[in-house]
Amino acid sequence: MRAYNFSAGPAVLPEPVLRQAAAEMLDWHGSGMSVMEMSHRGKEFMGIHAKAEADLRTLLAIPPSHKLLFLQGGAIAENAIIPMNLLGARKGADYVNTGEWSKKSIKEAKKYCTVNVAASAEDANFTYVPPQSRWKLDAGAAFVHCCTNETIGGVEYHWTPDTGDVPLVADMSSHILSRVVDVSKYGVIYGGAQKNIGPAGLTIVIVREDLLDRALPICPSAFHWKEQVEADSMLNTPPTYAIYIAGLVFEWLLAQGGVPAIEKRNVAKAKLLYDALDASAFYVSPVRKEDRSRMNVPFKLRDESLDGAFLKGAEERGMVQLKGHRAVGGMRASIYNAMPVEGVQALVDYLKDFEKQRG
Ligand SMILES: *Cc1c(COP(=O)(O)O)cnc(C)c1O
């Protein structure tokens with residue numbers, strides 16, 4: 001029996017996708033091969049790759065001005081790759097600090113450029129998104145970086161920053177494809193696939209074409225966006241199996257009605273869970289209401305001595321990976337696209353039952 005998996009990543013995948021992958025494992029479409037065994041330059045895999053790219057472009061409504069890359073290294077590698085690709089002749093970049101993942105981006109960027117922390121939510125333990133009126137942007141910055149969904153803290157931007165002529169760069173690892181986004185407002189969007197797309201190993205990078213001429217000479221070829229654009233993301237061997245599974249997820253999303261339809265479901269799922277947490281004094285949801293993430297819902301038991309019993313009881317009911325990140329403690333329910341509403345309802349029922357027993 002499959003569990004309800006609340007992992008923050010690698011995370012739950014749609015069951016029909018896993019079934020299809022299982023059925024196609026030994027012989028993909030009569031090729032006599034698993035996708036894992038195919039040449040990345042053969043016609044079978046080239047077709048899988050092209051279809052996955054086209055479907056993702058459709059799902060996100062990526063305009064022709066923006067290139068789409070399927071790379072490796074994850075978002076943490078991109079934290080270094082971004083300054084190497086975008087600094088050009090400039091020496092500094094603006095970063096907005098909303099929590100653990102912003103901090104990691106800042107730390108890495110400092111190896112390559114001067115970082116101006118334009119705003120920080122550290123004053124309230126990273127429980128909110130600083131409004132843009134408080135950002136101290138530097139007009140000479142090469143770019144402005146933000147993490148639009150903090151996976152650990154559970155803080156999400158529900159608005160799009162306006163950085164004028166300075167390109168906006170967003171780490172969307174944990175909420176890409178969960179909501180409608182106007183891609184044209186961003187210079188770069190990036191994210192690892194293992195939260196809301198597919199298996200670990202695939203990194204999505206969406207970059208505005210006019211930004212491709214700013215790479216530093218030291219930028220490694222495999223991470224050089226312009227070289228990768230020219231090579232159709234195949235300058236090195238791409239993560240072929242991860243791209244195949246991501247492609248199946250894109251087909252599944254299109255069949256669900258695309259991003260607007262999945263966003264509606266995500267809004268309803270998040271409301272169900274936050275309403276249950278808010279209705280009780282037994283549980284605490286630390287994030288400011290306007291900035292709560294729809295994808296990652298951290299919460300605490302007011303009596304932390306019950307954490308172990310809570311997690312054990314959840315597992316007995318088939319709900320796994322609810323333990324919060326070690327940086328913040330407590331619990332975290334990640335409710336990505338592939339988490340069915342039944343899973344959220346099961347958690348809500350359990351929250352009530354556990355409180356009745358122990359409250
Ligand atoms: C998971 C995550 C990362 C790290 O991704 P890796 O694939 O481990 O490099 C970075 N940013 C955010 C917002 C994440 O959720």
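Residues numbered from 1 in each chain as written. Predicted model: local features only at pLDDT ≥ 70, side-chain atom pairs only at ≥ 80, totals over all residues. Heavy atoms only, no water.

*Asks:* Provide a residue-level description of the overall build of the protein chain, including the pertinent values.
*Replies:* Scanning the protein chain from N- to C-terminus turns up nine helices and 14 strands. Computed over C-alpha atoms, the radius of gyration of the protein chain comes to 21 Å, within 12% of the 21 Å expected from 2.2 N^0.38 for 359 residues, which places it in the range of a compact globule. Summarising its shape, the C-alpha atoms of the protein chain cover approximately 60 × 55 × 30 Å along the three principal directions. For the protein chain, buried positions account for 55% of its 359 residues. Residue pairs in contact within the protein chain that sit at least 24 positions apart in sequence constitute 66% of those at least 6 positions apart. For the protein chain, the exposed area adds up to about 15,300 Å²; of that, 53% sits on carbon and sulfur atoms. The positive charge centre, built from 40 side chains, and the negative charge centre, built from 41, are 4 Å apart in the protein chain. (Helix = DSSP H or I, 4+ residues; strand = E, 2+ residues; numbered from the N terminus. Rg over C-alpha atoms; globule rule 2.2 N^0.38 Å. Buried < 20%, exposed > 50% of the residue type's maximum accessible area, 1.4 Å probe, protein only. Contact = heavy atoms within 4.5 Å. Areas by Shrake-Rupley, 256 points an atom, 1.4 Å probe, with all protein chains shown as cover. Lys, Arg positive; Asp, Glu negative; His and termini not counted. Charge placed at Lys NZ, Arg CZ, Asp CG, Glu CD.)

*Asks:* Mind laying out the pairing of strand β10 (residues 203–208), listing which residues take part and the relevant values?
*Replies:* The element β10 is largely enclosed, with a buried count of five among its six residues. By the bridge criterion, six bridges tie strand β2 (residues 66–71) to β10 in an arrangement that is antiparallel. If you follow H66 over to β10, its bridge partner there is R208. Where strand β9 (residues 188–192) and β10 come together, five bridges link them in antiparallel fashion. From the neighbouring strand, G192 faces β10, where its bridge partner is T203. (Pairing = 2+ DSSP bridges.)

*Asks:* Any details on a nonpolar patch on the surface? Residues and values, ideally.
*Replies:* Together, M25, L26 and M36 give the surface a local cluster of nonpolar side chains, amounting to about 320 Å² of exposed area. Here M36 shows up in the loop between α1 (15–23) and α2 (43–60). (Patch = residues over 30% accessible without salt bridge, like charges linked within 9 Å, V, L, I, M, F, W, Y side chains within 5 Å. Salt bridge = Lys/Arg side-chain N within 4 Å of Asp/Glu carboxyl O.)

*Asks:* A description of the pairing of β9 should follow, citing residues and the corresponding values.
*Replies:* Put simply, side chains in a regular strand alternate between the two faces of the sheet. Within β9, five of the five residues are buried, leaving the element largely enclosed by the surrounding structure. Of the two faces of β9, the one lined by V188, Y190 and G192 and the one lined by I189 and G191 are each fully buried.

*Asks:* Could you give me a rundown of the site of the ligand, with the residues and numbers involved?
*Replies:* Around the ligand sit G74, A75, I76, W101, C147, N149, T151, D171, S173, S174, Q194 and K195, and that is every residue in its neighbourhood. Residue A75 places a main-chain N or O atom 3.1 Å away from an oxygen atom belonging to the ligand. Contacts to the ligand include T151, whose side-chain N or O atom sits 2.4 Å from an oxygen atom. When the free accessible area of the ligand is taken as 390 Å², the share hidden by the protein chains comes to 86%. Sorting elements by how many residues they give to the shell around the ligand places helix α3 (residues 74–86) first, with three residues. Class assignment for the residues of the shell around the ligand results in four nonpolar, six polar and two charged. (Near = heavy atom within 4 Å. Polar contact = N/O pair within 3.5 Å; in protein donor to acceptor, adjacent residues only side chain to side chain. Nonpolar A, V, L, I, M, F, W, Y, C, P; charged D, E, K, R; others polar.)

*Asks:* Go over the domain arrangement of the protein chain, please, and point to the residues and values.
*Replies:* Domain annotation of the protein chain identifies domain 1 (16–255) and domain 2 (258–358). The gap between the C-alpha centroids of domain 1 and domain 2 is 27 Å. Every contact between the two is made by 24 residues of domain 1 and, on the other side, 25 residues of domain 2. Between domain 1 and domain 2, roughly 2,100 Å² of surface is buried when both sides are summed, and carbon and sulfur atoms account for 54% of that area. (Domains from an automatic or database assignment. Buried area = accessible area lost by both parts, 1.4 Å probe.)

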